[in-house]
Amino acid sequence: MTTEQTTSPPRTGVGITGSGLGQRVRDGRAILDDISLAVRPGEVVAIIGASGAGKTTLLETLARIRPPATGTVSYDGEGPIGYVPQDDIIHRELPLQRTLRYAARLRLPPDAGPAEVTGRVAEVLAALRLTERAAVAVGRLSGGERKRASIAVELLTRPGVFFLDEPTSGLDPAIAVDLLRVLRTLADAGTTVVLTTHQITDVDHCDRVVVLTRQGRLAFAGTPADARGFFGLASLAEVHLRLDEETDPAAWPDRFAAHRDTDPPTRSGRPGASPPGQRQVGRLRQLAVLAARNAEIVARNRLTLAILLGSPLMVLGMFALLFRPGAFDPAHPSPTVTVMILFWIAFGGFFFGLTYGLLQICTELPILRRERLAGVRLVPYLVAKVAVLLPLLALVDLALLGVLRGIDRLPPVDGADFAALYTTLLLSSAAALTLGLLCSAAVSDAAQATLMLPMLCFPQVLFVGAILPVPAMAVGGQWLSYAMSNRWAFEGLGHTAGVERLWRDGASPLGPPLLATYGDSFSRPVWVNWLVLGGFVVLFLGATWVVLVRREPHRAS
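These numbers come from a predicted model, not from an experiment.

## Structural notes on the side chain of Arg370
Then, number 1: With respect to the secondary-structure elements, Arg370 resides in helix α13 (residues 365-373).
Then, number 2: A distance of 2.3 Å separates a polar side-chain atom of Arg370 from the backbone oxygen of Ser150.
Then, number 3: If sequence neighbours within four positions are ignored, Arg370 has contacts with Tyr83, Val84, Pro85, Ile89, Ile90, Arg107, Ser150, Ile151, Val153 and Glu154.

## Observations concerning the pattern of salt bridges
Then, number 1: Under the criterion given, the structure shown has 20 salt bridges.
Then, number 2: Salt-bridge contacts for Asp188 lead to Arg184; the nearest nitrogen and oxygen are separated by 3.4 Å. Of the two residues, Asp188 and Arg184 are both situated in helix α6 (residues 173-188); the distance of four residues between them amounts to about one turn of the helix.
Then, number 3: A relative accessible area of 57% places Asp188 in the exposed class.
Then, number 4: When the shortest N-O distance is used, the salt bridge between Arg524 and Glu491 registers 2.0 Å.

## Concerning the layout of surface pockets
Then, number 1: Here the largest pocket is characterised by a volume of approximately 850 Å³.
Then, number 2: Forming the walls of the largest pocket are 32 residues, and the residues nearest its centre are Asn301, Thr304, Leu359, Gln360 and Thr363.
Then, number 3: Of all the secondary-structure elements, those providing two or more residues to the lining of the largest pocket are α10 (283-300), α11 (302-322), α12 (335-357), α13, α14 (378-406) and α16 (446-462).
Then, number 4: Among the elements that take part in the lining of the largest pocket, α11 stands out by supplying five residues, more than any other.
Then, number 5: Of the residues belonging to the lining of the largest pocket, the class tally is 17 nonpolar, nine polar and six charged.

## A short note on a nonpolar patch on the surface
Then, number 1: Where nonpolar side chains cluster on the molecular surface, the patch consists of Val379, Val383, Trp545 and Val546 and spans about 290 Å² of accessible area.
Then, number 2: Where the nonpolar patch is concerned, the elements lending two or more residues are α14 and α21 (526-551).
Then, number 3: Its place among the elements puts Val546 in helix α21.

## Quick look at the packing of helix α15 (residues 415-442) against α21
Then, number 1: Between α15 and α21, the shortest axis-to-axis distance is 8 Å and the interhelical angle comes to 15 degrees. Judged by the inter-axis angle, α15 sits roughly parallel to α21. As for the relative orientation of α15 and α21, their crossing is left-handed in sense.
Then, number 2: Looking at the contact of α15 with α21 residue by residue, the class counts come to 19 nonpolar, five polar and one charged.

## Describing empty space enclosed by the protein
Then, number 1: Here the structure, examined in full by the defined rule, presents three cavities of 30 Å³ or more.
Then, number 2: Estimated volume of the largest cavity: approximately 90 Å³.
Then, number 3: Residue lining of the largest cavity: Ile89, Ile90, His91, Leu94, Thr99, Ala103, Arg107, Val153, Arg293, Ile367, Arg370 and Glu371, and that is the complete set.
Then, number 4: Looking at the lining of the largest cavity, the elements that each hand over two or more residues are α3 (96-107) and α13.

Calculation rules
- Residues numbered from 1 in each chain as written.
- Predicted model: local features only at pLDDT ≥ 70, side-chain atom pairs only at ≥ 80, totals over all residues.
- Heavy atoms only, no water.
- Helix = DSSP H or I, 4+ residues; strand = E, 2+ residues; numbered from the N terminus.
- Polar contact = N/O pair within 3.5 Å; in protein donor to acceptor, adjacent residues only side chain to side chain.
- Contact = heavy atoms within 4.5 Å.
- Salt bridge = Lys/Arg side-chain N within 4 Å of Asp/Glu carboxyl O.
- Buried < 20%, exposed > 50% of the residue type's maximum accessible area, 1.4 Å probe, protein only.
- 1 Å grid on protein atoms, 1.4 Å probe; cavity = no way out; pocket = protein on both sides within 12 Å on 5 of 7 lines; lining within 4 Å.
- Points joined across faces, edges and corners; volume = space filled by probe spheres on them.
- Nonpolar A, V, L, I, M, F, W, Y, C, P; charged D, E, K, R; others polar.
- Patch = residues over 30% accessible without salt bridge, like charges linked within 9 Å, V, L, I, M, F, W, Y side chains within 5 Å.
- Areas by Shrake-Rupley, 256 points an atom, 1.4 Å probe, with all protein chains shown as cover.
- Axes fitted to C-alpha atoms, helices over the stretch in contact; angles between N-to-C directions.
- Parallel < 35°, antiparallel > 145°, perpendicular 65-115°, else oblique.
- Left-handed = near helix turned anticlockwise from the far one by under 90°.

The following block contains the structure:
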């Protein structure tokens, strides 16, 4: 650390007061019931209780991640709020230092320059004894190092109060003790620390302990020594057993209510007020930082990059093997083959876009939740996804059309028509990409997203109009076809490729009957198809935003 950093005066910390806090689940059952407690500035406070007692719920309520159903939360003091969930929710592909630099650029004030960002990252790495691991990818860090790395992200803003959910879970005892010493150091420097834990030995490293019953009521709040005396235990290791031995669920909370007059309150804070934070980074800077980070993640994950670029090459090879050249030759046209070529080109663009987007959000939902707490907005987040993935799709679509034209699987169109074919395919890929983002936002994990792939693809095959022309479908199928983005790509490609003229004027006797079954499918100007495909892009992106807001309605959008 620099001399200026080491000699800066310590903060006074942030005090927290919770009064009459209650939370309920959807069926009306209480998971927190009338909890009142106070956390003094600069304390390390542990929340303990049996599984299901509401430890995480209380932590999120005190952190104002989850608004209380009843009661109020007050803060007294200044400083940003830091929150570290139980999971190590940081991107594993990037080196630790790069991860922290991106986090700093998203969290530090807008006027923070490169030197300040570099200095804060170096300071946090040194404070958590991670300097020597700065160049190591997060995924290669040990469990304890990843925990410290997750904490480091929040320390970048020098929080006045720090909430951690099960920070020692799954750690080796020695590593857990080391982590608790780090938290103790932070508290000594003025940061208030509140954590949940199921490791009773963690309590001895804390100033105070909050004990919850299985019914979500407050059984005790005070020093660990006072807790042992209150429960009549030599060690708090048996506190859960002592609570369970009591037949009356209200017994221990009632005893503590009579005992708690000795618990001094914190300085009074304004109910519902939160500590003043830093000015948030603007949307354009968030977009730039998120896009740069997304691009680096893709570039560093060689397997993902190989799949993104390699799968289209495999599909292109299959197209070359499947279709004979010359299907669009006016002298010897093959109407049924032209239908299949145009359809599979359209479906290829759709499939590439869908698979690019389908795993983008569900695999990093915990990271998104955490960054929204830090002020990251959804619009820059979603636009950054599109900004990185759409250029890749543009390259893939261009290669697909260029190679197919070079091996005579497309009509001999001029430059303007080739550009029109390319625009149609790229819009189709963009619509599918945003559909993939929507579905990725709606599911909870990658397994669910993968299961959705065939469900999304089959309608785009059956109701597009290639296997069965739209005019020949049942009425329900015709209406459903309007919702298939692939239909508009297929018909747009057919219009630009001139299939109406080819089938009507070509030498094949199959052309006129086939054209009659398709009706006016290929007669619309191509810009109409572009407009519809663009509408799908806007619709799916908007729906993705709505889904993410509804999943976490209390966070910034």
